[in-house]
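Remarks on the overall topology
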Amino acid sequence: MSPSTSRPGAHGTLITVAPTGAEHSKADVPNLPVTVEDLVRTARDCERVGAAMIHLHVRDRDAKPTLDRGLLEEAVRAVRESSNLIVQLSTGGAVTDPEADRLAVLDALPDSASCSMGTVNFGDDVFLNRWEFIVELHKRMQERNIVPEYEIFDLGQLTTLRRLLDEHGLPSGGHVHLDLVLGVPGGMAGDLETVAAALRLIPDGATFSATGVGRSTLPVLLASLSAGGHLRVGMEDTTTYARGEKVKDNAQLVARASSLSRIAQRPPIGPDEARVLLGVAR
Ligand code: KMH
Ligand code: ZN
C-alpha cells in the first residue's frame, strides 16, 4: 500500500497547527493560547506563516480543557471569521472526557474533526477509543459532512482504520487523510524507522501528516517531509523549540515547518488548496 502523492495539492505541504491541546497547564506553559482571543490571534499569525488548518481544543475561564458546546461554537465561529484556515475540532478532548461529550463536539459543525483509531496508554493515563465509539464518530461525521482526520498513535491503529473503511465506507469528501502521532509515551516511537513502518500500512490513495511529540518533533518532521507526507506542529505537541529554549509561540513552529517544507521543494499550501486536497467543501 502506498500513500497518495498525486492528489491535487500533494506537491506541496499541508501544515496543520495544533496550538493548545488538553495536556499542558497554563501555569506550566504561560504562553499557551487558551482564550478565544488567543486562538484568533494564533490562527491569524499561523496562517500568515504557512498554516492551512488549525486543530482546536478549547479551555474554560480557568484555562482548563473543556468540551462545552457554546465555547466550541464560539471558537469555530471566531477562527472562521478571522482567518481562512480549515477549522478542525478535537474529538479526543482530554483523557478524562466521556464518550458522549466527545461525540457531541461534532454538533459544533467544524470543517474537520479528529477521529482517533484506538486505545493507547498516554503517559500515566489511558486514552480510550473503543471500536464502537470509533464507528459512531465516523458515522456521525459522514452524516454531518465533517471531514475526519484519523489520528494514529500506534501501528495497529492503521489496521483498525482499514477495517473502519471496509465496513463503514469512505468519509465525507471521499478522501482519507490521517495523522501519525509519534512519541506519545505508550504509543509508537518518534523515529524514522517507525514512520517508515507506518508508510507500508497506510491505505492506498490516502494522504498523511505526521507529528512528533516532544523531542521527536524534528526527526518526525524531517522523516515525513522526505516521505511525501504533510506536517502537524504546535504547542499541543511541543513546548521546547531547541535544547534549553522554550517555544515563543505557535507561529514560530509553523514558520520553521514552512522553511523546511520549502527546502524540501514542497512549499506550504494555502487553505483553499488544502480544502481541495482533503475534500473539505466549506
Ligand atoms: N488529548 C489527547 C488525550 C485529538 O485531539 O484528537 C487526545 C488528543 C487527540 O489530543
Ligand atoms: Zn489534539
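Residues numbered from 1 in each chain as written. Chains lettered and ligands numbered in written order. Predicted model: local features only at pLDDT ≥ 70, side-chain atom pairs only at ≥ 80, totals over all residues. Heavy atoms only, no water.

This part is about the overall build of the chain. Across its full length, the chain holds nine helices and 14 strands. Dimensions of the chain along its principal axes, counting C-alpha atoms only, are 45 × 45 × 40 Å. Residues classed as buried in the chain amount to 56% of the 282 residues present. Contacts in the chain between residues far apart in sequence, at least 24 positions, make up 75% of those at least 6 positions apart. Of the roughly 11,500 Å² that the chain leaves accessible, carbon and sulfur atoms contribute 51%. Considering the chain, the positive charge centre built from 29 side chains and the negative charge centre built from 37 side chains are found 3 Å apart. (Helix = DSSP H or I, 4+ residues; strand = E, 2+ residues; numbered from the N terminus. Buried < 20%, exposed > 50% of the residue type's maximum accessible area, 1.4 Å probe, protein only. Contact = heavy atoms within 4.5 Å. Areas by Shrake-Rupley, 256 points an atom, 1.4 Å probe, with all protein chains shown as cover. Lys, Arg positive; Asp, Glu negative; His and termini not counted. Charge placed at Lys NZ, Arg CZ, Asp CG, Glu CD.)

The next point concerns the environment of Asn 31. If you trace the backbone, Asn 31 turns up in the loop between β1 (15-17) and α1 (36-48). The exposure class of Asn 31 is partly exposed, given its relative accessible area of 36%. The spatial distance from the C-alpha of Asn 31 to the C-alpha of Lys 248 is 7.5 Å, given a sequence separation of 217 residues. Asn 31 has contacts with Lys 26, Met 235, Val 247, Lys 248 and Asp 249, leaving out every residue within four places of it along the chain. At a separation of 2.7 Å, a polar atom in the side chain of Asn 31 contacts the main-chain carbonyl oxygen of Lys 248. (Polar contact = N/O pair within 3.5 Å; in protein donor to acceptor, adjacent residues only side chain to side chain.)

On to the side chain of Arg 256. Summarising the element assignment, Arg 256 is placed in helix α8 (residues 250-263). One buried charged residue, Arg 256, forms no salt bridge at all, with the nearest opposite charge on Glu 245 at 7.8 Å. A distance of 3.0 Å separates a polar atom in the side chain of Arg 256 from the backbone oxygen of Tyr 241. What Arg 256 contacts, discounting residues up to four positions off in sequence, is Thr 217, Leu 218 and Tyr 241. (Salt bridge = Lys/Arg side-chain N within 4 Å of Asp/Glu carboxyl O.)

Now for the site of ligand 1. Near ligand 1 the following residues occur: Glu 23, His 55, His 57, Ser 90, Gly 92, Gly 93, Val 95, Ser 114, Ser 116, Phe 122, Phe 127 and Glu 236. Note that a nitrogen atom of ligand 1 is positioned 2.7 Å from one of the backbone N or O atoms of Gly 93. In the environment of ligand 1, an oxygen atom lies 2.6 Å from a nitrogen or oxygen atom belonging to the side chain of Ser 114. In this structure, ligand 1 is accommodated by the largest pocket. Within the shell around ligand 1, the residues separate by chemical class into three nonpolar, seven polar and two charged. (Near = heavy atom within 4 Å. 1 Å grid on protein atoms, 1.4 Å probe; cavity = no way out; pocket = protein on both sides within 12 Å on 5 of 7 lines; lining within 4 Å. Sits in = over half its atoms within 2 Å of the grid points. Nonpolar A, V, L, I, M, F, W, Y, C, P; charged D, E, K, R; others polar.)

So, on to the nonpolar core. Within the largest apolar cluster, 33 residues are counted, with the highest numbers of intra-cluster contacts made by Ile 54, Leu 56, Val 79, Leu 89, Val 233 and Val 254. Those elements giving two or more residues to this core turn out to be β1, α1, β2 (53-56), α2 (69-82), β5 (86-89), α7 (217-226), β12 (230-233) and α8. Those residues within four positions of Val 79 in sequence are excluded, and the remaining contacts are Leu 39, Val 40, Ala 43, Ile 54, Leu 56 and Val 87. Counting residues in each nonpolar core, the second largest holds 32 residues, with Leu 158, Leu 165, Met 188 and Ala 210 among its members. (Core = buried A, V, L, I, M, F, W, Y, C linked by side-chain atoms within 4.5 Å.)

Here we come to the packing of aromatic side chains. Under the criterion given, the structure shown has three aromatic pairs. Between the aromatic rings of Phe 122 and Phe 127, the centroid separation amounts to 5.8 Å while the plane-to-plane angle is 65°, which identifies the pairing as edge-to-face. Judged by its relative accessible area of 18%, Phe 122 falls in the buried class. Phe 127 gets classed as buried once you look at its relative accessible area, which sits at 6%. (Phe/Tyr/Trp six-rings, centres within 6.5 Å; stacked < 30°, edge-to-face > 60°.)

With that settled, consider α1. Between its first and last C-alpha, α1 extends 18 Å over 13 residues, near the 18 Å set by a 1.5 Å rise per residue. Of the residues making up α1, those classed as buried are Val 36, Asp 38, Leu 39, Val 40, Thr 42, Ala 43 and Cys 46. Taken together, the buried residues of α1 touch β1, β2, β3 (58-59), α2 and α8. (Expected span 1.5 Å × (residues − 1).)

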